[in-house]
Amino acid sequence: MTKFIFITGGVISSLGKGITSASLGLLLKSRGYSITIQKLDPYINVDAGTMNPFQHGEVFVTEDGAETDLDLGHYERFTGELLNKESNYTTGRIYEEVIRKERAGEYLGQTVQVIPHITNAIKKAMRYAARKNVDIGIIEIGGTVGDIESLPFLEAVRQMRLEHGRENTVFLHLTLVPYIRTAGELKTKPSQHSVGKLREIGIQPDFLVCRCSRPLNDSIISKLSLFCNVPETNVIEERDVEHSIYEVPIALAEKKLDDKIIERLGFQASKADLTEWKKRLGAITSAENTVKIGVVGKYIALADSYKSIYEALTHSGMAQNTRIEIRKVDSELLEKGDEAVRKQLGDLDGILVPGGFGARGIDGKLVAIRFARENGVPYFGICYGMQLAAVEFARNACGLKDANSSEIDKNTPYPVIHLMEEQEDVSEKGGTMRLGSYPCWVQNGTKGQEAYREAVVMERHRHRFEFNNEYRRKFSRKGMKFSGISPDKKLVEMVELKDHPWFVAVQFHPEFKSQVLKPHPLFSEFVRAASECKSRKCKEDA
Ligand code: GLN
């Protein structure tokens, strides 16, 4: 029978609930339990697809094409479990379903209310883990306890305990225990208030996981225990880690969080095997080599906007004993001709242009791409980064003046990137892109093939525009190779340059498939090429 762990957060947002949930998932999985993780988000958007990355961070895409909260990326990267549409529900999605049923007359004249109709729909979503028949379903409730929007979700959590029994449900509350410098001590009051709020709703946490910058001493633990009504043994310290989020599972295992949860759920204790994980982690602190990768984008000010890209680079670095120094290059400054930013390019061992939308900052990205192409600096283009590589190549290598993507210039004489006919009259913005996993044929004798060592690969997509096939012949003659195409040969999925150390650009998003223990082959080859570029530069300097 499936058992459930519910994770709530208190005091402030950004406490790392997603990382804590993902870490717990990894620990339980590495003990041999089957798991799945879900995120329930109280916001009203039906999915994360229409949300601005500046505000909310990146949109993560699952195999089946769900546009989800970025925490799902952490879940996959940590646990290796592939998630899907059932793994992320929002208030909007729950209401959409209830309202649809009401319109269809399925409630037979009842008054449709938050309790029981909305809470029933939430519980149905939460029981996905049981439908999947896994041992443990970890369910993270987004937002912070006390928010108006999270109330129906917390009410549903309370009901889940009633219906599934205490022995099958665990409540874990993540809270902040701040250190106040002037007083010279850690403070428990915010946690007391947050747990107080939870108890008002009828939820008594079984575990209190405390984010803190200093160790919790015995007196703080007993105070938290007394005021929050949680046994001392279940007050768990989650201190800030020093180098990487991938240290969190190890830190939680040291505090025996997984042991205690397993015991609480009545499962047999078995040892977690984290050898490989620890080995990879070692590379973060003791890497002998460093490469500088420039990520050129308009959202670089917000750390979460290109989360999966940064993480995918890190995974490849961890596997190659290489520290990745990420240099964030602001495409808008580059576009304005900022000298310092332009100079920054010369210092890089590899340049990556990630996905994006719209015209802002694209001239800056084109400058970076041209620089990489002309100077033999390894280049990795992802989605928009491939489309813009095509625009740059058209303009500067093929002499097609004013070539563009029709997303940016509808009247360009050379629309090297355009909408396929069937996409032309889409007016709705949510969920209307090419989304999710599609096959790609990898051509022999290409860098793509060297990386993948497979003839057919599946990769995830999130875009509307495509490479315009009218330009394939011209581009080929000028030295571009079409190294990945769709099985029906209609869509260009991967391109590369013949006379360049490593210039590969893809229409899909490989970053979504990279995991700590399974780095993505294209990222790994890119990092390897960057290391070579660095040693080449060192030789030239010598
Ligand atoms: N804006 C481009 C498109 O819609 C690229 C999207 C992306 O980079 N994810 O096709």
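Trainee: It is not clear to me how unusual backbone geometry should be interpreted in this structure. Could you clarify?
Mentor: In this chain, Ile 115 is followed by Pro 116 through a cis amide linkage whose omega measures 10°. One non-glycine residue, Asn 229, lies in positive phi territory at about 65°. Here Asn 229 lies in the loop between α9 (218-228) and β11 (235-239). For Asn 229, a relative accessible area of 43% translates into the label partly exposed.

Trainee: What is the right way to read the packing of helix α16 (residues 362-375) against helix α17 (residues 384-396) from this model?
Mentor: Any two packed helices are characterised by the angle at which their axes cross and by the distance between the axes. Closest axis-to-axis distance for the α16/α17 pair is 9 Å, and the angle between their directions is 70°. Relative to α17, the element α16 lies roughly perpendicular. Of α17, the residues touching α16 (which contributes Ile 362, Asp 363, Lys 365, Leu 366, Ile 369, Arg 370 and Arg 373) are Tyr 384, Gly 385, Leu 388, Ala 389, Val 391, Glu 392, Phe 393, Arg 395 and Asn 396. Split by residue class, the contact of α16 with α17 holds eight nonpolar, two polar and six charged.

Trainee: Any chance you could explain the layout of surface pockets here in plain terms?
Mentor: Any empty space left between atoms is shown by rolling a water-sized probe over those atoms. Here the largest pocket defines a volume of roughly 1,200 Å³. Within the residue set of the lining of the largest pocket, elements represented by two or more residues are α1 (17-29), β2 (35-41), α2 (53-56), α3 (71-79), β11, α13 (307-319) and β13 (322-330). Looking at which element gives the most residues to the lining of the largest pocket, the answer is α13, with four residues. Class assignment of the residues belonging to the lining of the largest pocket gives a composition of 13 nonpolar, 15 polar and 16 charged.

Trainee: Please explain the site of the ligand as it appears in this structure.
Mentor: All residues in the neighbourhood of the ligand are listed as Gly 355, Gly 356, Phe 357, Cys 383, Tyr 384, Gln 387, Glu 407, Arg 462, His 463, Arg 464, Phe 465 and His 509. Contact between the ligand and Gln 387: an oxygen atom at 3.1 Å from a side-chain N or O atom of the residue. Here a nitrogen atom of the ligand sits 2.8 Å away from a polar atom, N or O, in the main chain of Arg 462. Expressed as a share of its isolated accessible area of 290 Å², the protein-covered part of the ligand is 98%. Secondary-structure elements contributing two or more residues to the shell around the ligand are α17 and β19 (456-463). Of the residues contributing to the shell around the ligand, the split by class is four nonpolar, five polar and three charged.

What counts and how
- Residues numbered from 1 in each chain as written.
- Predicted model: local features only at pLDDT ≥ 70, side-chain atom pairs only at ≥ 80, totals over all residues.
- Heavy atoms only, no water.
- Helix = DSSP H or I, 4+ residues; strand = E, 2+ residues; numbered from the N terminus.
- Buried < 20%, exposed > 50% of the residue type's maximum accessible area, 1.4 Å probe, protein only.
- Axes fitted to C-alpha atoms, helices over the stretch in contact; angles between N-to-C directions.
- Parallel < 35°, antiparallel > 145°, perpendicular 65-115°, else oblique.
- Contact = heavy atoms within 4.5 Å.
- Nonpolar A, V, L, I, M, F, W, Y, C, P; charged D, E, K, R; others polar.
- 1 Å grid on protein atoms, 1.4 Å probe; cavity = no way out; pocket = protein on both sides within 12 Å on 5 of 7 lines; lining within 4 Å.
- Points joined across faces, edges and corners; volume = space filled by probe spheres on them.
- Near = heavy atom within 4 Å.
- Polar contact = N/O pair within 3.5 Å; in protein donor to acceptor, adjacent residues only side chain to side chain.
- Areas by Shrake-Rupley, 256 points an atom, 1.4 Å probe, with all protein chains shown as cover.

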